[in-house]
Each structure stands twice: as C-alpha cells, then as structure tokens.
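Structural overview
Here's the letter readout for the chains.
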Amino acid sequence: MLGKLIKHEFKGSGRSMVPFILVCLGLSVLAGLSIRGMENLQDYGWFTVLFGIVIFLFVAGLIAVCVMALVVCIERFRKNLLGDEGYLMFTLPVSVDEHIFSKLIVSSVWFVATWLVCMLAFVLMFLCNVDLIEVNWSEFGYVMSEVWGRLVDFGLVHIIGYILELLVLIFAACCVTCMQFYSAMAIGYSFSNHKLLLSVVFFFVINVALSILQPLLLALTGNAGLLDFMANSAQNISGPAAVHLVMLGAFLYALVFFVILYIPTRLLLKYRLNLP
C-alpha cells in the first residue's frame, strides 16, 4: 500500500513541480544563448537590457524551483493529512507510518531532484557556449587520465561506496528537514484555534531545541566513549575505511534526530488528530 501512496504523491506533487522544472531548464538555455549573443554583438544597446532580464529570470527560476519543492513538502502534508482531505486519507486501510513515509520519501526525492535540476541548468547554460571556450583538449585528456589513475589507485570500490553513502546522507538530511516541518504542523494542528500560527511558532521552537540538543548529543556520545572509540578505530584502519566510518557516524547522528522528530509526529497523528 505504501507504493500506491507514493505513486499518488508523485502524481499530485508532480503537477506542481514538473512545470517549474521545465521552465527553469528552458530559462537556462535562454540564459546560455543570451550570453552567446553578448559575445557576438558589437553594439550591445538594447540587448544588454534583454540579457539582464533573461539572467534575472534564470536566477528567479532557480529560486522558484527550490521554494516550490519546500511548498509542496509542506502543503501536501498539511492538506492531505491535517486538512479536509484527512477525513478521506485516514479512512484508507493504511497505517499512520505509511502516510508519513509516503510524504517523506516523495518530498525528499523532490528536494534531491531540485538540487540536480539546478546543477543541470548550469550545465545546459555552459553547453550553449562550450564552443566559445578555448580548451586544450590534449591537456584536458591528460589531466582526466591522471585523475582516473589516482581514482583507480585509491580504489574504485571505495569511490562508488562514497557516492552511495553521500546519497544516503543527503536523503537522510532531507528526511530530517521534512520532519521538522511535519512535527511542527502535527503539534500546531493538534490545537483547536490558530493552528497555522502555532505551527510556525513550534517550527522555530523545534529548531531552537535541536540546536541545543546537537552539542548535548555530541557531549553525551563523547562522555560515553563513542567518539573516542571511533577516533581509535580510525587510527587502526586505512584512510578510505576511516571515511566510511565517518559517513556511518553522520548517518547515525541524522537517524537519532529523525527518530526524535518522528515519534511525537506519529503519536499526534494517531491519537491527537484534530481535523477541521
């Protein structure tokens, strides 16, 4: 059933995200062509104004995609589970956990997709002008072969592992970010009045609490000897393996905060749901 919820979420959120993504990529091509035009023109005149407008729209498009990903994350949770649609959603033969995880997975995927779209936008803008850039391809090929040789010496298995671990960490960070909004809304909407205002207030309260909890958690793990254990383990193993150990520690650190935010959100949705 979780798969069906995720599919439904992608359809619903895609109607908002896909147009923004396509517009952003289109503006990146226009920005690249306008840069190309500036290189070829002798008298800039009116084209300078047009170039400025296109670049402004391109930057605005990048910001709009990022903002829209955040809006989709918040609104889909608020409307589907805490608004009028909640009467229908919670009558489905689906657990509260499946509802939360479907929102989490889809929102996190959109966050990652937004970051990739921003990178792709700059690549497209660069490709529109790649022939205008003087590149010594023989020297470039030599540098790339040297880089490849270093990677092989370091260990391709480790490199692939780092990439996968980094993706997992990014996904975990996105989930923690989503849970900050979800937990704040779950608390705010458990009240009868001023639900949206209280959600905003509790969002800032949660962020302050997490900023206080972070050094406390590091202190507790340090006093418990966990950090010393990881440091000693890193000294006794190879450099690549030590990086894997650090990645694992960062993931466990994110997992702790995720659990701290997830448990009250789940309990409030299950036992303190206050639909309008």
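Fair warning: this is a prediction, and the values are worked out from it, not measured in the lab.

Some details on the overall build of the protein
Helix and strand counts for the protein come out as nine helices and zero strands. Secondary structure elements in the protein, listed N-terminal to C-terminal, are α-α-α-α-α-α-α-α-α. In the protein, buried positions account for 35% of the 276 residues. Nonlocal contacts in the protein, meaning residues at least 24 apart in sequence, comprise 79% of its contacts between residues at least 6 apart. Accessible area of the protein: about 16200 Å², with a carbon and sulfur share of 74%.

Quick look at the environment of Ser 28
Considering the arrangement of structural elements, one finds Ser 28 in helix H1 (residues 2–40). Here Ser 28 falls in the buried class, since its relative accessible area comes to 0%. As a C-alpha pair, Ser 28 and Phe 58 span 30 residues in sequence and 6.0 Å in three-dimensional space. Filtering out sequence-adjacent residues up to four positions away, Ser 28 remains in contact with Phe 58, Ala 121, Leu 124 and Met 125.

Let's talk about the confidence of the model for the protein
Scored by pLDDT, the protein has a mean of 82; 82% of the residues are at 70 or more. Put simply, helix H8 (residues 226–236) is where the protein has its lowest mean pLDDT, 55, and helix H4 (residues 96–127) is where it has its highest, 90.

Let's talk about the state of the cysteines
The final tally for this structure, using the stated rule, is zero disulfides. No disulfide involves Cys 174; its sulfur sits 6.7 Å from that of Cys 178, the nearest cysteine. On the basis of relative accessibility, which here comes to 12%, the residue Cys 174 falls in the buried class.

A closer look at a nonpolar patch on the surface
A surface patch of nonpolar side chains, about 780 Å² in accessible area, is lined by Val 168, Leu 248, Phe 251, Leu 252, Leu 255, Val 259, Ile 263, Leu 267 and Tyr 271. Ranked by the residues each element gives to the nonpolar patch, the list is headed by helix H9 (residues 239–271), at eight residues.

Looking at the side chain of Ser 190
By the secondary structure assignment, Ser 190 is in the loop between helix H6 (156–188) and helix H7 (195–223). On the basis of relative accessibility, which here comes to 9%, the residue Ser 190 falls in the buried class. Side-chain polar atoms of Ser 190 contact the backbone oxygen of Ile 187, separated by 2.5 Å. Residue contacts for Ser 190: discarding those within four places in its chain leaves Leu 268, Arg 272 and Asn 274.

Quick look at the pattern of salt bridges
Per the counting criterion, the structure on display carries five salt bridges. A salt bridge links Glu 75 to Arg 78, with the nearest nitrogen and oxygen atoms 2.9 Å apart. With Glu 75 and Arg 78 both in helix H2 (residues 45–82), this residue pair falls three residues apart, about one helical turn. Among the residues examined, Arg 78 registers a relative accessible area of 23% and is labelled partly exposed. Close ionic contact of Lys 79 with Glu 75 constitutes a salt bridge, the shortest N to O distance being 3.9 Å. Taken together, the residues Lys 79 and Glu 75, both in helix H2 and four residues apart, mark about one turn of the helix. In this structure, a network of salt bridges that share partners links the residues Glu 9, Arg 76 and Lys 103.

Calculation criteria
Residues numbered from 1 in each chain as written. Predicted model: local features only at pLDDT ≥ 70, side-chain atom pairs only at ≥ 80, totals over all residues. Heavy atoms only, no water. Helix = DSSP H or I, 4+ residues; strand = E, 2+ residues; numbered from the N terminus. Buried < 20%, exposed > 50% of the residue type's maximum accessible area, 1.4 Å probe, protein only. Contact = heavy atoms within 4.5 Å. Areas by Shrake-Rupley, 256 points an atom, 1.4 Å probe, with all protein chains shown as cover. pLDDT = per-residue confidence, 0-100. Disulfide = S-S within 2.5 Å. Patch = residues over 30% accessible without salt bridge, like charges linked within 9 Å, V, L, I, M, F, W, Y side chains within 5 Å. Salt bridge = Lys/Arg side-chain N within 4 Å of Asp/Glu carboxyl O. Polar contact = N/O pair within 3.5 Å; in protein donor to acceptor, adjacent residues only side chain to side chain.

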